[in-house]
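Remarks on the overall topology
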Amino acid sequence: MGILDDRYTGPEDIKNLSLEELRDLSHEIRTFLVESVSKTGGHLAPNLGVVELTISLFNVFDLEKDKIIYDVGHQSYVHKILTGRKGEFHSLRQFGGLSGFPKREESKYDVFDTGHSSTSVSAALGIARARDLMQEDFQVVAVIGDGALTGGMALEALNDVGDKKTDLIVVLNDNQMSISQNVGGISTYLSQLRAFPNYERAKKEVQVIVEKMPLGKSINRSMDKVKEGIKSMLLPDMLFENMGLTYLGPVDGHNIREVSKLLKIAKEIKGPKLVHVLTKKGKGYHSSEQRPDKFHGTPPFNKENGKAKDSASLNYSKMFGNTLVEMAMNNNKIVAVVAAMPDGTGLGGFRDLYPDRLFDVGIAEQHAVTLSAGLAVGGMKPYVALYSTFLQRAYDQVIHDVCLQKLPVTLCIDRAGLVGDDGETHQGILDLSFLTPVPNLTIMAPKSMEELRQMLYFSETFNGPLAIRYPRGGDEKGIDLPPLKNFEPGKFEVLKEGREGFIYATGKMVARAMILSEKMEKQGVHYGVVNGVFIKPVDHELIRSHLDKGYKIITLEDNMVHGGFGSMILESAMGHFMAGNVLTFGFRDQFVEQGSVEKLYEVHGLGYEELSNRILAFTGEKNE
């Protein structure tokens with residue numbers, strides 16, 4: 001069978017394996033990863049790239065006491081395999097199954113829950129300082145990718161680490177990628193470091209020679225005074241050393257012997273250290289080596305040719321990107337801003353056609369939003385494309401730099417609502433709740449992909465802050481909803497008349513409302529459907545008209561109820577003292593776990609059967 005199945009029982013076994021056996025183990029893990037992820041989907045390329053690095057970490061550190069924090073955590077599959085969870089990989093990212101990210105509740109070896117980028121050094125620093133205050137003795141290691149270093153939080157943490165000289169190790173996993181190809185000054189700097197791999201080796205050789213000379217130790221101490229000058233000649237800028245970290249590397253991240261050796265050296269040096277490890281994202285599987293961006297996060301695929309088993313032709317992201325290209329052809333003021341995900345947000349085509357008008361700022365959402373504000377002040381028409389879950393990181397910039405100044409920046413909020421299998425850290429169910437209180441901001445949501453296209457054309461002449469939120473994937477199958485083409489802020493679209501009341505839905509939930517309405521009609525209850533195309537401002541006139549006529553209003557959204565679309569409708573109804581005729585549906589006060597979207601709807605009270613039952617009960621109560 002192999003080492004994994006026959007001999008491996010836990011992390012400590014790594015230290016008892018020979019170098020050749022560790023190499024065999026690496027091959028076994030890669031084979032298993034491709035086989036398993038091809039069936040479940042998941043983050044394949046990042047994990048294929050860190051097999052030897054993870055084995056080296058286990059080889060050097062004692063996981064019973066030492067703490068390893070993985071930035072983002074999508075590269076933690078190897079860690080999970082080596083900590084006894086190989087048998088659970090069939091349930092990866094499924095409801096009730098193994099998480100695709102580190103989870104403290106899942107294993108004692110998962111030290112810190114992650115999912116978003118650039119957090120590991122801060123978390124590791126906090127753990128290390130708690131260790132020191134409690135006079136405990138263990139190593140703390142943060143494993144962070146070069147892409148994550150473009151996030152300001154990582155640099156803030158490194159600055160703090162170097163300033164206070166806290167004893168911890170930062171392992172820089174440098175694969176020249178985040179999701180797409182890395183960009184920016186940090187990426188350029190690391191490229192320069194890769195070009196000077198011999199500095200540490202040369203330094204050690206000189207020290208050995210000098211130590212053998214008469215007065216060698218004294219000479220070595222004197223040499224320390226000129227060491228910084230030598231470094232400045234051999235290495236460009238020495239950013240990390242200037243920040244107060246001892247820099248070690250770079251080293252081939254697929255050479256277990258060399259990586260282990262450097263990690264052992266790092267253990268012996270007191271204070272903050274940065275170990276620079278060079279890896280190849282997607283290593284060991286031809287398809288992922290050729291397209292590491294495609295296999296960063298992949299659906300189930302045919303492992304023989306790498307092709308996805310289910311590939312949708314058109315989705316909301318592609319519709320957004322295609323439409324922005326159309327608009328840019330006739331309007332040279334249109335620019336796009338993205339945070340390290342041009343392909344994921346559908347802007348790959350825009351980048352290829354208008355490279356000077358797409359600004360990929362790296363994993364730096366705060367900068368992306370304020371850059372867009374500056375572009376707007378400069379007379380451009382900026383569209384900043386961010387996933388809902390990552391927009392959270394730029395909240396202050398939305399308020400302070402865009403909305404306060406009433407700037408014509410369009411926030412294109414991708415993956416709004418449930419994303420399913422990526423779980424709590426990636427569900428886009430908070431954006432309405434934190435955006436609706438912001439003055440000067442108009443918020444829209446399309447009920448179909450074609451309606452998104454029409455909204456984008458509307459946005460071109462809209463003179464103010466605008467947010468357009470849209471979901472992952474495509475339209476609901478079997479439902480044809482003609483797009484609204486004329487938009488007026490604060491005006492909804494009545495799609496279907498009702499007898500007992502109306503279901504006010506927004507975004508992708510409009511199609512769900514139509515299906516729900518048809519199901520209830522079979523039970524003799526007739527609810528119309530309203531497209532809440534504007535979440536802010538809402539259609540106060542229509543709300544009052546329906547309530548005045550005695551209709552019930554049901555709200556349906558893929559966001560938290562608190563502060564979301566339903567809250568906006570309820571607030572309007574309260575202004576007319578008719579809130580008792582409004583029933584809201586959305587996600588309640590809890591984070592939503594991983595699973596298929598439909599399964600999660602059922603679990604959280606948004607399945608068709610529970611919706612029907614609760615609406616029928618509400619209707620009956622009000623009619624008595």
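The coordinates are above.
To keep things clear, this report deals only with the structure shown in the data block.

Another aspect to go through is the overall build of the chain. Counting its regular elements, the chain contains 25 helices and 17 strands. Taking all 624 residues of the chain together, the buried fraction comes to 59%. Here the analysis covers contacts within the chain between residues at least 6 apart in sequence; of these, 76% occur between residues at least 24 apart. Accessible surface for the chain amounts to roughly 25800 Å². Of this, 51% is attributable to carbon and sulfur atoms.

Taken in spatial order, the 7 strands line up as β7-β6-β8-β9-β11-β10-β15 in an open sheet, and their pairing is mixed. On the outer flanks of this sheet lie β7 (358–360) and β15 (534–536), each paired with one strand and no other. Neighbouring strand axes in the sheet, compared pairwise and without regard to direction, differ in orientation by 20 degrees on average. Lying over the sheet, helix α14 (residues 316–330) contacts β6 (334–338), β8 (381–387) and β9 (410–414), oriented at roughly 150 degrees with respect to β6. The strands that helix α20 (residues 449–459) touches are β8, β9, β10 (442–444), β11 (466–469) and β15; relative to β11, the one it contacts most, it runs at about 170 degrees.

Our next topic: the nonpolar core. One recurring pattern in soluble globular proteins: nonpolar side chains tend to sit buried together. Counting 50 residues, the largest nonpolar core has Ile29 and Leu57 as its most contacted members. If you tally residues by element for this core, the top one is helix α2 (residues 19–40), at 7 residues. Apart from the residues lying within four places of it in its own chain, the contact partners of Ile29 are Leu4, Val51, Ile55, Val78, Ile81 and Leu82.

Taking strand neighbours across the sheet as the criterion, the 5 strands line up as β12-β14-β13-β16-β17 in an open arrangement whose pairing is mixed. Strand pairing shows two members of the sheet lacking a second neighbour, β12 (493–496) and β17 (582–587), which therefore form its edges. Averaged over all pairs of adjacent strands, the angle between strand axes in this sheet comes to 25 degrees, irrespective of strand direction. As defined by bridge partners, strand β16 (residues 552–560) adjoins β17 across 5 bridges and the pair is classed as parallel. Bridge pairing in β17 links Thr555 to Thr584. The sheet strands contacting helix α22 (residues 540–548) are β12, β13 (501–505), β14 (527–531), β16 and β17, and the helix crosses β13 at an angle near 155 degrees.

Another aspect to go through is the pattern of salt bridges. Within this structure, the stated rule accounts for 37 salt bridges. In this structure, Lys39 engages Glu35 in a salt bridge whose closest nitrogen and oxygen atoms are separated by 3.2 Å. With Lys39 and Glu35 both in helix α2 and 4 residues apart, the pair spans about one turn of that helix. One continuous salt-bridge network, built from bridges that share partners, spans Lys80, Arg85, Glu106 and Asp110.

Glancing now at the environment of Ile81. Turning to its location among the elements, Ile81 is positioned in helix α5 (residues 77–85). When the C-alpha positions of Ile81 and Pro11 are compared, they lie 9.8 Å apart, and in sequence the two are 70 residues distant. When residues no more than four places from it in sequence are discounted, the contact partners of Ile81 are Leu4, Ile29, Phe32, Leu33, Lys86 and Phe89.

Let us now look at the packing of aromatic side chains. Applying the stated criterion to the full structure yields 17 aromatic pairs. A centroid spacing of 5.9 Å and a plane angle of 40 degrees characterise the contact between Tyr285 and Phe301, whose relative ring orientation is tilted. You can see Tyr285 sitting in the loop between β5 (272–278) and α13 (286–290) and its partner Phe301 sitting in the loop between α13 and α14, a full 16 residues away along the chain. Using a relative accessible area of 1% as the deciding quantity, one classes Phe301 as buried. Judged by centre distance (5.1 Å) and plane angle (70 degrees), the ring pair of Tyr395 and Phe434 falls under edge-to-face. Highlighted residues: Tyr395 in helix α18 (residues 395–403) and Phe434 in helix α19 (residues 431–435), separated in sequence by 39 residues. We classify Tyr395 as partly exposed; its relative accessible area is 28%. In this arrangement the basic side chain of Lys67 is found over the ring face of Phe138, its NZ or CZ atom lying 5.3 Å from the centre. Residue placement shows Lys519 over the ring face of Tyr608; its charged tip is 5.4 Å from the ring centre.

The rules behind these values
- The numbering scheme is per chain: residues are counted from 1 as the chain's sequence reads.
- Reporting in this predicted model follows two pLDDT cut-offs: at least 70 for local features of residues, and 80 or more for side-chain atom pairs to be given and counted; totals over whole chains, interfaces and linings ignore these cut-offs and use all residues.
- Note that the side-chain values use all heavy atoms of the structure and ignore hydrogens as well as water.
- Under the DSSP-based scheme used, a helix requires at least four consecutive residues in state H or I and a strand at least two consecutive residues in state E, with every element numbered from the N terminus.
- For every residue, the accessible area (1.4 Å probe, protein chains only) is compared with the maximum for its type, and the residue is labelled buried under 20%, exposed over 50%, or partly exposed between those bounds.
- In what follows, residue pairs with any heavy atoms lying within 4.5 Å of each other are defined as contacts.
- For the area figures, the Shrake-Rupley method with a 1.4 Å probe applies, and any residue is considered shielded solely by the protein chains shown.
- Criterion used throughout: strands pair if DSSP finds at least two bridges between them.
- The axes are straight lines fitted to the C-alpha atoms, using for helices just the contacting stretch, and the angles between their N-to-C directions are given from 0 to 180°.
- Nonpolar core, defined: a set of buried Ala, Val, Leu, Ile, Met, Phe, Trp, Tyr and Cys residues in which side-chain atoms within 4.5 Å join the residues together.
- Each salt bridge in this description consists of a side-chain nitrogen of Lys or Arg and a carboxyl oxygen of Asp or Glu lying within 4 Å of one another.
- Two aromatic rings from Phe, Tyr or Trp, using only the six-membered ring of Trp, form a pair when their centres are within 6.5 Å; if the ring planes differ by under 30 degrees the pair is stacked, by over 60 it is edge-to-face, and anything between is tilted.
- Charge-over-ring placement is defined geometrically: NZ (Lys) or CZ (Arg) within 6 Å of the ring centre, and within 35 degrees of the ring normal.

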